[in-house]
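# What the coordinates show
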Amino acid sequence: MTDAADLVAHAHDTRIVVVGGGVAGLVAALECAKVGMQVTVLEASDRLGGVVRSAEVDGVSVDVGAESFATRGGTVAALVTELGLQHAIVAPDAAGAWVAGLPGGAAAPLPAGGILGIPANPFSDDVRRVIGWRGAWRAYLDRLRPPLTIGHERSLGALVRRRMGQAVLDRLVAPVTTGVYSARPDDIDVDLAAPGLNNALTRTGSLQGAVAQLRGGRAVVPGQAVQGLDGGMTRLVDALVERLTDLGVELRVGAPAREIVRDGDAWAVVVDPATGDGSPAAPAAADSATPAPGDRVPAHAVIVATPEAQARHLLAPVSSLDPGSVTAPVVEIVTLVVDAPELDVAPRGTGVLTVPGSHTAKALTHATAKWQWLREATPHHILRVSFGAQGEAPATEALDDDAAAALALSEAAALLGVPLQPSQLRASHRERYVQSQPAAVIGRAAVSAAGRAAVHAVPGLAVVGAWLSGTGLAQVVPDAIAEAERVRREALWGGSVAAD
Ligand SMILES: Cc1cc2nc3c(=O)[nH]c(=O)nc-3n(C[C@H](O)[C@H](O)[C@H](O)COP(=O)(O)OP(=O)(O)OC[C@H]3O[C@@H](n4cnc5c(N)ncnc54)[C@H](O)[C@@H]3O)c2cc1C
């Protein structure tokens, strides 16, 4: 295949099926459709966007899943720009977040200038306010301690505990990792969550010196520099859907893929009839040799873009991917609209992270304090209260919606330090998510590498999504672009998934 016209014709004859219509699947679909491939997206639920979703609460359309994107790498902003939405990019309010659950039930602003909560100077006023004098002196020992194992500590929790003590770990680092990654510091891989920190520690001889050095030069603060979209993150999904439609992509919702089967040299995806709620209408056929009932969608290449459990279920029978059992944190987000003028002053900035164990809620976002567009959309206050983390089921799990809203309201009052009565609650919305494990969790990189290798070994199969790339749009988007590029290359030049 050398001639450009032949390549174009070849692309047009290549059928791609993307299973899963979250951002990963939509971006992969876009990359394939751009070169003229025939693309079908199969989405199990009744709407596209996956975790990026909104709901109307008290007459306002609010993000009830992802509400921002990390600016790291610039790929999400580039996508937003490619879709013509660059004018809608907005920065959050600069007030910053607080940490609650300090001794005596106190709360304080999260100190600026740290990395994953690790401070550069334990004696600075904002840090001492959180960890106290005792914590500050203990953290200072980091400078005096012989650097016995420097450069070799893998666990963030172990590193911080050993060098700077329990107060820094519990009150500064754990709230950040739990709030941002839904994971305990002990489970976080330093090299992945804070690249360069271990090396800087070797150079400077202390952890605080390492933070100061990294912050002094190019700031490396994973997960902190974020932007949003005026009107909410679902505008990204709307724009993707519009572009995909323009490119002739077939977008099927209520179309859960049940299995992937061989179809001669190519593939077919078997789709269950829609049930309206996205769940399969019938159990999967136990024996894949028996033709399963349901719609068969032919494909030269299949890109699986579902969460991990579904991806393993679909791909294990056709690759060496381990069907494995998947443990992933369940989180619930309860969005509250409250009539509370006392919140006009944004008493806890843009939101609150918690010292693990101090509150039933994991974190709170004061959405109307964080986003100006939302403030302009309602005279009331919008609060997002999150429950659940790795190894800890959400406290709302067994509650009905009203009881979950009541618990979220009382947690919000505690976290914001402002009494909130049930009569002040105008409306609420509750959403449950099974979150992917963050890429920075120890051992996760090996799981991802093994997963990719197993799928890539089979021509015509590809896989994208947060379970491989790590959670967060800044991880998911570039990964989906890269995997779609692999599919395009394989289809157009490699021959293995090429159209006949
Ligand atoms: C509560 C919450 C808040 C978050 N906030 C942020 C944030 O503010 N900023 C940020 O950058 N990231 C955030 N994230 C992370 C980010 O939203 C996700 O990493 C990202 O959206 C995942 O995209 P995805 O396409 O991989 O998966 P998903 O969005 O989960 O999409 C997968 C899709 O596959 C579909 N599917 C499943 N099985 C099948 C099947 N058999 N057939 C067809 N379709 C199927 C699902 O219905 C779903 O639509 C948040 C995550 C959560 C849970």
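A quick note: this is a predicted structure, and the numbers were derived from the prediction, not measured.

Quick notes on the rules
Residues numbered from 1 in each chain as written. Predicted model: local features only at pLDDT ≥ 70, side-chain atom pairs only at ≥ 80, totals over all residues. Heavy atoms only, no water. Helix = DSSP H or I, 4+ residues; strand = E, 2+ residues; numbered from the N terminus. Buried < 20%, exposed > 50% of the residue type's maximum accessible area, 1.4 Å probe, protein only. Contact = heavy atoms within 4.5 Å. Areas by Shrake-Rupley, 256 points an atom, 1.4 Å probe, with all protein chains shown as cover. Lys, Arg positive; Asp, Glu negative; His and termini not counted. Charge placed at Lys NZ, Arg CZ, Asp CG, Glu CD. Pairing = 2+ DSSP bridges. Axes fitted to C-alpha atoms, helices over the stretch in contact; angles between N-to-C directions. Core = buried A, V, L, I, M, F, W, Y, C linked by side-chain atoms within 4.5 Å. Domains from an automatic or database assignment. Expected span 1.5 Å × (residues − 1). Phe/Tyr/Trp six-rings, centres within 6.5 Å; stacked < 30°, edge-to-face > 60°. Parallel < 35°, antiparallel > 145°, perpendicular 65-115°, else oblique. Left-handed = near helix turned anticlockwise from the far one by under 90°. Nonpolar A, V, L, I, M, F, W, Y, C, P; charged D, E, K, R; others polar. Buried area = accessible area lost by both parts, 1.4 Å probe. Salt bridge = Lys/Arg side-chain N within 4 Å of Asp/Glu carboxyl O. Polar contact = N/O pair within 3.5 Å; in protein donor to acceptor, adjacent residues only side chain to side chain.

Let's shift gears to the overall build of the protein chain. Helix and strand counts for the protein chain stand at 17 helices and 20 strands. Taking the principal axes of the C-alpha coordinates as reference, the protein chain spans close to 70 × 60 × 45 Å. Each of the 500 residues in the protein chain was classed as buried or not, and the buried ones make up 53%. For the protein chain, long-range pairs separated by at least 24 residues make up 72% of all intrachain contacts whose partners lie at least 6 apart in sequence. In the structure as shown, the protein chain presents an accessible area of about 20,200 Å², 53% of it carried by carbon and sulfur atoms. The average position of the 40 basic charges and that of the 52 acidic charges among the side chains of the protein chain differ by 10 Å.

Moving on, we come to the sheet that holds strand β19 (residues 425–434). The sheet built from seven strands is open, its strands ordered β8-β7-β16-β17-β18-β15-β19 with mixed pairing. A strand with exactly one partner marks an edge of an open sheet, and here the two such strands are β8 (106–109) and β19. On average, each strand axis in the sheet is inclined to that of its neighbour by 20°, with strand direction left out of account. Looking at chain direction, strand β16 (residues 351–354) and strand β17 (residues 363–366) are connected through three bridges and run antiparallel.

Further remarks concern the nonpolar core. Ile16, Val39 and Ile303 are the most contacted members of the largest nonpolar core, which totals 48 residues. Split by domain, this core shows at least three residues from each of two domains, domain 1 (4–46 + 253–327 + 439–494) and domain 2 (54–94 + 226–231 + 329–434). If sequence neighbours within four positions are ignored, valine 39 has contacts with Ile16, Val18, Ala29, Cys32, Ala33, Val249 and Glu250. By size, the runner-up hydrophobic cluster in this structure holds 36 residues, among which are Ile118, Val130, Ala194 and Ala440.

For valine 130, the position within the fold is in helix α4 (residues 125–144). Residue classification places valine 130 among the buried positions, given a relative accessible area of 1%. Residues valine 130 and valine 168 lie 38 residues apart in sequence; the distance between their C-alpha atoms is 8.5 Å. When neighbours within four sequence positions are excluded, valine 130 is seen to be in contact with Val99, Leu102, Ala108, Pro109, Pro111, Arg171 and Leu172.

This part is about the sheet that holds strand β6 (residues 89–90). Strand pairing in a sheet takes place through backbone hydrogen bonds and is either antiparallel or parallel in direction. Strand order in the open sheet made by the three strands is β5-β9-β6, with antiparallel pairing throughout. Either end of the sheet is taken by a strand with one partner, and the two such strands are β5 (69–70) and β6. In this structure, β6 lies alongside strand β9 (residues 226–229), joined through two bridges in antiparallel fashion. When the sheet's bridge partners are listed, valine 90 is paired in β9 with glycine 228.

This part covers helix α10 (residues 234–246). An ideal rise of 1.5 Å per residue puts 18 Å on 13 residues; α10 measures up with 18 Å between its terminal C-alpha atoms. Listed as buried for α10 are Thr234, Leu236, Val237, Ala239, Leu240 and Leu244. Next to the buried residues of α10 lie α2 (23–34), β3 (54–57), β4 (60–63), α3 (75–82), β9 and β10 (250–252).

According to the stated counting rule, one finds four aromatic pairs in the structure shown. Consider the rings of phenylalanine 123 and tryptophan 133, whose centres lie 6.2 Å apart with planes at 40°: the pair is tilted. Placement of the pair is phenylalanine 123 in the loop between β8 and α4 and tryptophan 133 in helix α4, with a sequence separation of 10 residues. When the centroid spacing of 5.6 Å and the interplanar angle of 55° are considered together, the rings of phenylalanine 123 and tyrosine 140 count as tilted. Of this pair, phenylalanine 123 sits in the loop between β8 and α4 while tyrosine 140 is found in helix α4, placing the two residues 17 residues apart along the sequence. Classification of phenylalanine 123 by relative accessible area gives partly exposed; the value is 24%. On the basis of relative accessible area, tyrosine 140 is assigned to the partly exposed category, the value being 26%.

Our focus in this paragraph is the packing of helix α8 (residues 197–204) against helix α9 (residues 207–216). Their axes nearest at 8 Å, the elements α8 and α9 cross at an angle of 115°. On the basis of their axis angle, the class for α8 and α9 is roughly perpendicular. You can see that α8 and α9 cross each other, and the crossing is right-handed. For the pair α8 and α9, contact is made by Leu197, Ala200, Leu201, Arg203 and Thr204 and by Leu207, Gly209, Ala210, Val211, Gln213 and Leu214, respectively. Class assignment for the residues of the contact of α8 with α9 results in seven nonpolar, three polar and one charged.

On to the domain arrangement of the protein chain. Interfaces are often described in size by the accessible area the parts lose on coming together. Parsing the protein chain into structural domains produces domain 1 (4–46 + 253–327 + 439–494), domain 2 (54–94 + 226–231 + 329–434) and domain 3 (114–216). Contact residues are listed per partner, giving 10 residues for domain 2 and 10 residues for domain 3. Both sides together, the interface formed by domain 2 and domain 3 hides about 750 Å², and carbon and sulfur atoms give 69% of it. The interface formed by domain 2 and domain 3 includes zero salt bridges. Seen at the junction of domain 2 and domain 3, the total is zero residue pairs in polar contact (both at pLDDT 80 or more). Considering only residue class, the side of domain 2 that touches domain 3 consists of six nonpolar, three polar and one charged.

Before going further, it helps to spend a moment on the pairing of β9. As judged from the two bridges shared by β5 and β9, these two strands associate in the antiparallel manner. Bridge pairing in β9 places alanine 70 opposite valine 226.

A separate point is the pattern of salt bridges. For the structure on display, the rule yields 24 salt bridges. Put simply, aspartate 186 and arginine 161 hold a salt bridge, and the shortest N to O gap is 3.0 Å. Pair noted here: aspartate 186 is in the loop between α6 (166–181) and α7 (190–193) and arginine 161 is in helix α5 (residues 156–164), with a separation of 25 residues, a long-range link. A single network of salt bridges, built from pairs that share partners, joins Glu31, Lys34, Glu82, Glu485, Arg488 and Arg489.

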